[in-house]
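Chain and residue survey
Listed below, chain by chain, are the residues.
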Amino acid sequence: MDLGWYSSLNKPLFTPPVSAFGPVWTILYIFIAISGFLIWKKRKKIKSHSPFRYYFLQIILNLIWSPVFFGLHQIGLAFLIIVAMWILVYKNIVEFQKIDKTAAILLYPYLGWITIAGLLNLSVMLLN
């Protein structure tokens, strides 16, 4: 990850300190894992694969975003990935809500953080 490049970018005033990202993502990944586990435990009762489809697709996009933004320096493409990720996490919450309310609730902080990350990504794109 090229943090030197990131530190040279113009960023909006609401940019969290770099030191916040590690702890926040650690908590979010724990919530995401617990949420997925709660649904996995009920997999025999689920009639559709869409909850798992949305879950795994948003995780794949999550894994792709950092290399695209920090590695390839493709701010615009990274923004499109975040928009797609936001939509998939929202759909994931809707599907999980039908199966297990706790699993859905655990994804709300993730959706909130992705919203902030999307606004940050968009702002960086517009400022640079």
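So, how was this worked out
- Residues numbered from 1 in each chain as written.
- Predicted model: local features only at pLDDT ≥ 70, side-chain atom pairs only at ≥ 80, totals over all residues.
- Heavy atoms only, no water.
- Helix = DSSP H or I, 4+ residues; strand = E, 2+ residues; numbered from the N terminus.
- Buried < 20%, exposed > 50% of the residue type's maximum accessible area, 1.4 Å probe, protein only.
- Contact = heavy atoms within 4.5 Å.
- Areas by Shrake-Rupley, 256 points an atom, 1.4 Å probe, with all protein chains shown as cover.
- Axes fitted to C-alpha atoms, helices over the stretch in contact; angles between N-to-C directions.
- Parallel < 35°, antiparallel > 145°, perpendicular 65-115°, else oblique.
- Left-handed = near helix turned anticlockwise from the far one by under 90°.
- Nonpolar A, V, L, I, M, F, W, Y, C, P; charged D, E, K, R; others polar.
- Core = buried A, V, L, I, M, F, W, Y, C linked by side-chain atoms within 4.5 Å.
- pLDDT = per-residue confidence, 0-100.

It is worth spelling out the overall build of the protein at this point. Of regular secondary structure, the protein possesses six helices and zero strands. Scanning the protein from its N terminus toward the C terminus, one meets helices and strands in the order α-α-α-α-α-α. Projected onto its principal axes, the C-alpha positions of the protein cover 50 × 25 × 20 Å. Per-residue burial for the protein yields a buried fraction of 41% across its 128 residues. The long-range share in the protein, meaning contacts at least 24 apart out of those at least 6 apart in sequence, stands at 74%. Only carbon and sulfur atoms are counted for the fraction: they give 72% of the accessible area of the protein, which is about 7,500 Å².

Bringing the packing of helix α4 (residues 75-99) against helix α6 (residues 108-127) into the picture now. Here α4 crosses α6 at 160 degrees, and the two axes come no closer than 9 Å. For the element pair α4 / α6, the angle class is roughly antiparallel. Handedness of the α4/α6 crossing: left-handed. Contact residues: α4 offers I75, G76, A78, F79, I82, M85, W86, V89, Y90 and I93, while α6 offers Y108, Y110, L111, I114, T115, A117, G118, N121, L122, V124 and M125. By residue class, the composition of the contact of α4 with α6 is 17 nonpolar, four polar and no charged.

A few words on the nonpolar core. Counting residues in each nonpolar core, the largest one holds 37 residues, and the members touching the most others are W65, F69, M85 and Y110. Of all the secondary structure elements, the ones that give two or more residues to this core are α1 (3-8), α2 (18-41), α3 (50-71), α4, α5 (101-105) and α6. Of the residues forming this core, the biggest block, nine residues, is contributed by α4. The contacts of W65, once residues within four sequence positions are left out, are F70, A78, I81, I82, M85 and N121.

Here we take up unusual backbone geometry. One non-glycine residue with positive phi stands out, namely H73, at about 60 degrees. With respect to the element layout, H73 can be found in the loop between α3 and α4.

Looking at the protein as a whole, its pLDDT mean stands at 94, while 98% of the residues score no less than 70. Ranking the elements of the protein by mean pLDDT puts α1 last with 86 and α5 first with 98.

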